[in-house]
Amino acid sequence: MNYRVTLIIGLLLIVFKSFGQFNTPTIDGAIGTNEYGNHTIGANKGTSGSVDWYCTWDDTCAYFAIDSGFNASGGDALNVYLDIDPAIISNAGTGLDTGATYDNVTPNMVINADAFLYVKDNYEDRNIVSSSSWVSHSSAVSKITAFVNTTTNTIEMRVRWDSLGVSARPSRFNWFGFISYNGGGGGCFGQMPSANGNGNTPDMPRYLKIENTDSAALEKPFSKECYTHLGNSVYNFGPIDIYDFTMNSPGDSILRTAGDWSIEGNLYVESGVVD
């Protein structure tokens, strides 16, 4: 009887470990099968056009990767913004809602980002908000470990949590990303989430929400795509399928005219009008 109880407990521990979130990819420019966890779209993998995105974390680091659909040897770069102390209303916390300018791209954001990570062939940079400004730490690249494979067009990156303005792994965070290029005046593409804007001053009204970073949590980095209103009033807002929907724009209105709104999480109306 004791043997059977021990066996059951052992099996439970195996299942518990197998389905927890923590993963530790090898940063070598090659993405192995389920290296970042569950490589199902919407779990630890996302797609934007022909670009595949990957994300995971462990107790020490966060990991991001992009694969195919861009030109690594031509200077295309991985860009990731993180809000590591998110407020309930995504654009009402600390941090900045205007991005740093790299490759002539300055995103308008609906998360108050605290950290910006930029990686391309032969260059990495880590920007942290300080005194309401972006401060570059490109000379302290030891906090970022990156591998850019110019043959397969793969970029993998590891960054320590304690290099992002916090002392340890945050309990939750919000993030989004894109690929930038510097030719022809610069711009961006391959956005994650894919419905975000492109160009030089893109609007980024969507982001990915992680509500629990604990090792045992089933939280997946691509599973909760959220929307926060950005810009002017919209009087013909159509259907949307989203996790959280937030309106926090004083004086602006959103008028739903057709189609279903599927909101799996919460509808937040902090300021402005949703009709």
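Residues numbered from 1 in each chain as written. Predicted model: local features only at pLDDT ≥ 70, side-chain atom pairs only at ≥ 80, totals over all residues. Heavy atoms only, no water.

Some details on the nonpolar core
Nonpolar side chains tend to gather and get buried jointly when the protein is soluble and globular. Grouped together as the largest cluster of nonpolar side chains are 31 residues, with contacts concentrated most on Trp-53, Phe-64, Val-80, Leu-82, Leu-117 and Trp-175. The set of elements that each furnish at least two residues to this core consists of β2 (51–57), β3 (61–67), β4 (77–83), β7 (115–120), β10 (144–149), β11 (154–160), β12 (173–181) and β15 (206–210). Broken down by element, the residue count for this core peaks at four residues, all from β2. Beyond its immediate stretch of four places on either side in the chain, Leu-117 contacts Phe-64, Leu-78, Asn-79, Val-80, Leu-82, Asp-125, Arg-126, Ile-144, Met-157, Val-159 and Leu-164. Counting residues in hydrophobic clusters, the runner-up holds 20 residues, among them Ala-77, Trp-134, Phe-176 and Phe-178. (Core = buried A, V, L, I, M, F, W, Y, C linked by side-chain atoms within 4.5 Å. Buried < 20%, exposed > 50% of the residue type's maximum accessible area, 1.4 Å probe, protein only. Helix = DSSP H or I, 4+ residues; strand = E, 2+ residues; numbered from the N terminus. Contact = heavy atoms within 4.5 Å.)

Structural notes on the state of the cysteines
In protein structure, a disulfide is the covalent linkage between the sulfur atoms of two cysteines. Evaluated as defined, the whole model comprises zero disulfides. Between Cys-55, a free cysteine, and Cys-61, which holds the nearest cysteine sulfur, the sulfur-to-sulfur gap is 12 Å. Looking at Cys-61, the relative accessible area reads 6%, which means it is buried. (Disulfide = S-S within 2.5 Å.)

Examining the packing of aromatic side chains
Under the counting rule described, the total for this entry stands at 22 aromatic pairs. Seen from their ring centres, Trp-53 and Trp-175 are 6.2 Å apart, and the 50 degrees between their planes marks the pair as tilted. Taken together, the residues Trp-53 in strand β2 and Trp-175 in strand β12 connect sequence positions 122 residues apart. By the burial criterion, Trp-53 is buried, and Trp-175 matches it. Put simply, the rings of Tyr-81, Tyr-102, Phe-116, Tyr-118, Tyr-123, Trp-134, Phe-176 and Phe-178 pair up and form one aromatic cluster. (Phe/Tyr/Trp six-rings, centres within 6.5 Å; stacked < 30°, edge-to-face > 60°.)

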